Amino acid sequence: MSFFREHLWIRHKQAGGLRLLEPNRTQLSVLSAIAEQEAENAPVRIICLKPRQTGISTITQAEVFRRILFGRNLDAITIAHDKATSERIFGMSKVFYENLPDWLRPRLTKSNVRELVFGGEERRVGRKSHIPIDPTLRDAGCRIAVHTAGHKDAAAGTSAQILHCSEVGRWENAEELLSAVEPTVPMIPESMIIYEST
């Protein structure tokens with residue numbers, strides 16, 4: 001939890017600009033559900049029916065980003081119902097990355113409108129850090145990609161350990177797409193699938 005409060009910046013809806021992510025009660029319940037499943041050494045699988053504007057997409061994407069940042073050889077896919085929402089959610093990851101402290105920010109090996117790939121540079125441990133980071137971690141090879149559910153080839157040929165499906169109830173082809181994507185996420189403790197929808 002302290003990682004979000006101390007290192008992840010989000011866009012402030014009311015005031016504009018950026019502010020640190022301070023999880024609200026609804027967001028804390030999602031993080032608690034994740035922690036409970038992890039404590040059982042189980043793959044994380046969550047279906048979240050949400051009210052609008054409670055920050056569930058934000059906290060889910062923050063958790064996706066955290067796992068990729070500290071992971072090794074992990075792929076994450078975020079799929080939303082339309083292009084604008086896909087871009088907005090993916091933009092959160094870019095804001096997270098761009099505002100990390102220098103000592104924590106890995107080198108990007110690829111960055112475009114649909115993908116961020118980390119790796120290739122040692123992560124330095126700063127004096128103010130109390131987050132355990134392996135200073136020898138190199139070539140993490142982690143990736144976050146975004147897709148739009150309405151696109152005919154959404155997530156075709158992809159596989160991932162982390163899957164964030166946003167506004168699933170609004171997907172036109174939900175059953176078809178989920179039956180193609182779900183099997184690519186292994187049933188291992190490090191994997192995570194979160195479905196969220198209003």
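Each value, and the rule that gives it
Residues numbered from 1 in each chain as written. Predicted model: local features only at pLDDT ≥ 70, side-chain atom pairs only at ≥ 80, totals over all residues. Heavy atoms only, no water. Helix = DSSP H or I, 4+ residues; strand = E, 2+ residues; numbered from the N terminus. Buried < 20%, exposed > 50% of the residue type's maximum accessible area, 1.4 Å probe, protein only. Polar contact = N/O pair within 3.5 Å; in protein donor to acceptor, adjacent residues only side chain to side chain. Contact = heavy atoms within 4.5 Å. Core = buried A, V, L, I, M, F, W, Y, C linked by side-chain atoms within 4.5 Å.

Peer 1: Please clarify how the side chain of Gln 61 should be interpreted in this entry.
Peer 2: By secondary structure assignment, the location of Gln 61 is in helix H3 (residues 56–70). Judged by relative accessible area, which is 0%, Gln 61 ranks as buried. Among the polar contacts made by the side chain of Gln 61, one reaches the side chain of Thr 78 at a distance of 2.9 Å. A distance of 3.0 Å separates polar atoms of two side chains, one belonging to Gln 61 and the other to Ser 93. Once residues within four sequence positions are removed from consideration, Gln 61 is found in contact with Thr 78, Ile 89, Met 92, Ser 93, Phe 96, Ile 144 and His 164.

Peer 1: What's the story with the nonpolar core in this structure? I'm lost.
Peer 2: Nonpolar side chains in soluble globular proteins tend to end up buried together. Phe 4, Leu 8, Ile 34, Phe 65, Ile 68 and Leu 100 are the most contacted members of the largest nonpolar core, which has 37 residues in total. With 7 residues, H3 is the largest single contributor of residues to this core. Setting aside residues up to four positions removed in sequence, Phe 4 forms contacts with Leu 20, Leu 21, Pro 23, Leu 31, Ile 59, Ala 62, Glu 63 and Arg 66. Ala 160, Trp 171, Leu 177 and Tyr 195 belong to the second-largest nonpolar core, a separate cluster that totals 15 residues.

Peer 1: What is the right way to look at the pairing of strand E7 (residues 142–148) in this model?
Peer 2: One face of the sheet, then the other: side chains in a regular strand alternate in exactly this way. Burial of E7 is extensive: 7 of the 7 residues sit out of reach of the surface. Residues Cys 142, Ile 144, Val 146 and Thr 148 line one face of E7 and the alternating positions Arg 143, Ala 145 and His 147 line the opposite face, and both faces are buried.

All quantities given are derived from atomic positions and should not be read as evidence of function.
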